[in-house]
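# Tertiary structure, described
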Amino acid sequence: TTSISSTGALTTNNASTTVLSSTGSAYFATTAGSVGIGSTTPWAQLSINPNGISGPAFAIGSSTRTLFVVENGGNVGIGTTSANAKFEVLGTQGTGTFTSFSSGVSAAITNISHVNNTYSRLAFRGEDTTGAASSTAEIVGIGSDHSAGAMSGILAFLTQNAGTISEKMRIENTGDVGINTTA
């Protein structure tokens, strides 16, 4: 490798074997303004070509906490070190995930807790006239029993009235339907 020092603009050919560093701000780009990582012909302003690498194509975070990852196969993950679907979000509290699939299931909200009566929630949110956001309606999947091979679930529907959200309908794991009751 070759080290280069410059106090002004610097143009170099074949920089793939040159180490460039800066003690201040640095900008490395083609004459068209594009930057390529793993590519000598960037096709966008920032192009990352992950061919031949063993890790993710792109990640934001550190080795102990990944905030955002793009896998080599195109899967995108937020809050996870490896996305197992086209789009996967792992909650910061480790309580659930949202996953979007390319075929079959359109989307899954997964409760990763094994504690009975914990839930996954799909909230429909809106803003009031002051700009404060809150849920106007929710669909809640309650894992009433997490026993291996014998899981049971309840589906609840909630709506907001005059600033208070409450359950309006429930489908029990037995098939019973309750309206304006939680039992």
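Relevant structure appears above.
First, a word on scope: everything that follows refers to the structure included in this document. (Residues numbered from 1 in each chain as written. Predicted model: local features only at pLDDT ≥ 70, side-chain atom pairs only at ≥ 80, totals over all residues. Heavy atoms only, no water.)

## Some words on the packing of aromatic side chains
How two aromatic rings sit relative to each other is set out by the distance from centre to centre and by the angle between their planes. Throughout the structure, instances matching the rule amount to 1 aromatic pair. Each ring, one from Phe58 and one from Phe68, has its centre 6.3 Å from the other, and the planes form 75 degrees; the classification is edge-to-face. With a gap of 10 residues between them, Phe58 in strand β5 (residues 58-61) and Phe68 in strand β6 (residues 66-70) connect regions that are remote in the sequence. For Phe68, a relative accessible area of 26% puts it in the partly exposed group. (Phe/Tyr/Trp six-rings, centres within 6.5 Å; stacked < 30°, edge-to-face > 60°. Helix = DSSP H or I, 4+ residues; strand = E, 2+ residues; numbered from the N terminus. Buried < 20%, exposed > 50% of the residue type's maximum accessible area, 1.4 Å probe, protein only.)

## What to know about the pairing of strand β11 (residues 118-127)
Across 10 bridges, the pairing between β11 and strand β12 (residues 133-145) is antiparallel. Paired with Tyr119 across the two strands is Ile142, which belongs to β12. In textbook terms, the turn of a hairpin is the stretch between consecutive antiparallel strands, and for β11 and β12 this stretch comprises 5 residues, one of which, Gly131, has a positive phi near 95 degrees. (Pairing = 2+ DSSP bridges.)

## A word on the side chain of Arg170
You can see Arg170 is positioned in strand β14 (residues 164-171). Owing to a relative accessible area of 14%, Arg170 belongs among the buried residues under this scheme. Within the structure, the side chain of Arg170 is placed 2.7 Å from the side chain of Glu167, a separation counted as a polar contact. (Polar contact = N/O pair within 3.5 Å; in protein donor to acceptor, adjacent residues only side chain to side chain.)

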